[in-house]
Amino acid sequence: MTDLPPIPPVDPESVARQRFFAMGLFRLSGALLVMFGFLILMQRFHWVQDGKAKAMGSIFVIVGLFQFVIVPRLLLALFRKPPQ
């Protein structure tokens, strides 16, 4: 059988930095989705107008808020779990 190489030790500071970066990216992308959704709601794009703009903009705003507020909290709860 083939011997697998040993698993290298995990640096807790590096893991914390990666987790913080991931949460920051989710918040940033959520804020960008909210801003884009408001631009759609204001009908700033020619490719979506009237009722479709309101529906599409609302969806973007709701998804962006979910990604900005809820997803980082879910990640934090996931990160607090001890590895199995």
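Before reading further, recall that the structure is shown in the block above.
Quick look at the structure, then. (Residues numbered from 1 in each chain as written. Predicted model: local features only at pLDDT ≥ 70, side-chain atom pairs only at ≥ 80, totals over all residues. Heavy atoms only, no water.)

### Some remarks on unusual backbone geometry
With the exception of glycine, the majority of residues adopt a negative phi angle, and the majority of peptide bonds are in the trans configuration.
Reasoning step 1: Positive phi, close to 60°, is recorded for glutamine 43, a residue that is not glycine.
Reasoning step 2: Within the fold, glutamine 43 resides in the loop between helix 1 (12-41) and helix 2 (50-80).
Reasoning step 3: A relative accessible area of 28% places glutamine 43 in the partly exposed class.
Reasoning step 4: Although it is not a glycine, aspartate 50 sits at a positive phi angle of roughly 60°.
Reasoning step 5: With a relative accessible area of 55%, aspartate 50 lands in the exposed category. (Helix = DSSP H or I, 4+ residues; strand = E, 2+ residues; numbered from the N terminus. Buried < 20%, exposed > 50% of the residue type's maximum accessible area, 1.4 Å probe, protein only.)

### Structural notes on helix 2
Reasoning step 1: Here helix 2 contains 31 residues, and its C-alpha end-to-end distance of 45 Å stays within 8% of the 45 Å for a straight helix at 1.5 Å per residue.
Reasoning step 2: Helix geometry: helix 2 is bent most strongly at isoleucine 70, by close to 35°, with proline proline 72 lying one to four residues after it.
Reasoning step 3: Along helix 2, the positions that sit buried rather than exposed are Ala53, Gly57, Val61, Gly64, Gln67, Val71, Pro72 and Leu75.
Reasoning step 4: Here the buried face of helix 2 lies against helix 1. (Expected span 1.5 Å × (residues − 1). Bend = angle between axes of the 7 residues up to and from the residue. Contact = heavy atoms within 4.5 Å.)

### What about a nonpolar patch on the surface?
Reasoning step 1: A cluster of nonpolar side chains, Phe21, Leu25, Leu28, Leu32 and Met35, forms an exposed patch at the surface whose accessible area comes to about 520 Å².
Reasoning step 2: Structurally, phenylalanine 21 is set in helix 1. (Patch = residues over 30% accessible without salt bridge, like charges linked within 9 Å, V, L, I, M, F, W, Y side chains within 5 Å. Areas by Shrake-Rupley, 256 points an atom, 1.4 Å probe, with all protein chains shown as cover. Salt bridge = Lys/Arg side-chain N within 4 Å of Asp/Glu carboxyl O.)

### Observations regarding the side chain of glutamine 67
Reasoning step 1: Here glutamine 67 is to be found in helix 2.
Reasoning step 2: By relative accessible area, glutamine 67 is classed as buried at 16%.

### A short note on the pattern of salt bridges
Reasoning step 1: Tallying each qualifying case throughout the model produces one salt bridge.
Reasoning step 2: Here arginine 17 and glutamate 13 are joined by a salt bridge, their closest N and O atoms 3.0 Å apart. Separated by four residues within a single helix, arginine 17 and glutamate 13 lie in helix 1, roughly one turn from each other.
Reasoning step 3: A relative accessible area of 48% means that arginine 17 is categorised as partly exposed.

So, to be careful, I would describe these as geometric facts and stop short of saying anything about function.
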